[in-house]
Amino acid sequence: FKICFYLSLTGCVTCLDHDEHYILTFPNGYGRQVNAVIGIFIFYALSILTVPWIELGGECSISCSKTGYNASIVFHTKPFYGGKKHRVTAEIFSPNDKKPFCSIEGEWNGVMYAKYSTGENAVFIDTKKMPTIKKKVRKLEDQDDFESRCLWKDVTYNLKIRDIDAATAAKH
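Right, let's walk through the structure included here. What you see is a predicted model; the values in this text were computed from it and never measured.

Topic: the state of the cysteines
Reasoning step 1: A full pass over the atoms with the stated rule returns zero disulfides.
Reasoning step 2: Cysteine Cys64 is unpaired, with the sulfur of Cys15 as its nearest cysteine sulfur at 7.9 Å.

Structural data, given as structure tokens:
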């Protein structure tokens, strides 16, 4: 069982201290649950046997026109048999270079390891040790009508009180 959503978006992250703008693309998302095929019947293993998970998959990129640095990132989906969930690999390139100066692999929701062209290996990031930072969001009354939280406030409220019909109606 798999549900997929394709993200054909680009984003921009700005580092104000350096006046750098990084353009990035996003991976696809998948909602998965293990299933078994027996004969012509498909039996889905319910949450009693397996737990559904969200998975990222596909290729992404990050680039900075000011510095020329760029990265290619691949979010690997779990194979049907064996393999691990949440795997990611990446290569970081200096301006005008064809060979990466750093290769990264690991889990996007865990530890990622860097291998540099100098031969040095190190922990690149451990997301489980990172502190959670509370988002700073303007109050609803200060947001424009089509800003995300303002636009979806009725849907969010109805989902919180478990009124699916009202949440569905609020989307229209």
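Back to the write-up after that little detour.
Let's talk about the packing of aromatic side chains
Reasoning step 1: All chains considered together, the criterion is met by one aromatic pair.
Reasoning step 2: Ring centres of Tyr69 and Phe101 lie 6.0 Å apart, and the angle between their planes is 85 degrees; this geometry places the pair in the edge-to-face category. Here Tyr69, found in the loop between strand E7 (53-64) and strand E8 (70-76), pairs with Phe101, found in the loop between strand E9 (87-93) and strand E10 (102-107); they are 32 residues apart in sequence, far enough to count as distant.

Considerations on the layout of surface pockets
Empty space left among the atoms is revealed by rolling a probe the size of a water molecule over them.
Reasoning step 1: Each pocket or cavity is described by its volume, and for the largest pocket that value is around 530 Å³.
Reasoning step 2: Looking at the lining of the largest pocket, the elements that each hand over two or more residues are strand E3 (20-25), E7, E8, E9 and strand E12 (121-126).
Reasoning step 3: The biggest single contributor to the lining of the largest pocket is E7, with five residues.
Reasoning step 4: Partitioned by chemical class, the residues of the lining of the largest pocket number 20 nonpolar, four polar and no charged.

Overview of the pattern of salt bridges
Reasoning step 1: Inspection of the entire model under this criterion finds one salt bridge.
Reasoning step 2: With its nearest N and O atoms 2.5 Å apart, the salt bridge here joins Arg138 to Glu147.
Reasoning step 3: Given a relative accessible area of 48%, Arg138 falls into the partly exposed group.

Examining a nonpolar patch on the surface
Reasoning step 1: Taken together, the side chains of Phe5, Leu7, Leu9 and Phe26 define a hydrophobic patch exposed on the protein surface, amounting to about 330 Å² of accessible area.
Reasoning step 2: Of note, Phe5 is situated in strand E1 (residues 2-5).

Brief notes about the nonpolar core
Reasoning step 1: Membership of the largest hydrophobic core is limited to eleven residues, which are Cys60, Ala71, Ile73, Phe75, Val88, Ala90, Ile92, Cys102, Ile104, Met112 and Ala114.
Reasoning step 2: Elements with a contribution of two residues or more to this core: E8, E9, E10 and strand E11 (111-116).

A closer look at the pairing of E8
Reasoning step 1: Residue alternation in E8 divides its side chains into a buried set, Ala71, Ile73 and Phe75, and an unburied set, Asn70, Ser72, Val74 and His76.
Reasoning step 2: Here E7 pairs with E8 via six bridges, running antiparallel. Looking across to E8, one finds that Ser61 is bridged to Ser72.
Reasoning step 3: Taking the residues that link successive antiparallel strands as the turn, the E7-E8 hairpin has five residues, and the phi of Gly68 there is positive, at about 85 degrees.

Examining the environment of Asn70
Reasoning step 1: Position of Asn70 among the secondary structure elements: in strand E8.
Reasoning step 2: In this structure, the C-alpha to C-alpha distance between Asn70 and Ile23, residues 47 residues apart in sequence, is 9.4 Å.
Reasoning step 3: Contacts of Asn70, omitting those with residues within four sequence positions, involve Ile62, Ser63, Glu91, Ile92 and Phe93.

What counts, and where the lines are drawn
- Residues numbered from 1 in each chain as written.
- Predicted model: local features only at pLDDT ≥ 70, side-chain atom pairs only at ≥ 80, totals over all residues.
- Heavy atoms only, no water.
- Disulfide = S-S within 2.5 Å.
- Phe/Tyr/Trp six-rings, centres within 6.5 Å; stacked < 30°, edge-to-face > 60°.
- Helix = DSSP H or I, 4+ residues; strand = E, 2+ residues; numbered from the N terminus.
- 1 Å grid on protein atoms, 1.4 Å probe; cavity = no way out; pocket = protein on both sides within 12 Å on 5 of 7 lines; lining within 4 Å.
- Points joined across faces, edges and corners; volume = space filled by probe spheres on them.
- Nonpolar A, V, L, I, M, F, W, Y, C, P; charged D, E, K, R; others polar.
- Salt bridge = Lys/Arg side-chain N within 4 Å of Asp/Glu carboxyl O.
- Buried < 20%, exposed > 50% of the residue type's maximum accessible area, 1.4 Å probe, protein only.
- Patch = residues over 30% accessible without salt bridge, like charges linked within 9 Å, V, L, I, M, F, W, Y side chains within 5 Å.
- Areas by Shrake-Rupley, 256 points an atom, 1.4 Å probe, with all protein chains shown as cover.
- Core = buried A, V, L, I, M, F, W, Y, C linked by side-chain atoms within 4.5 Å.
- Pairing = 2+ DSSP bridges.
- Contact = heavy atoms within 4.5 Å.

None of this, on its own, says anything about what the molecule does.
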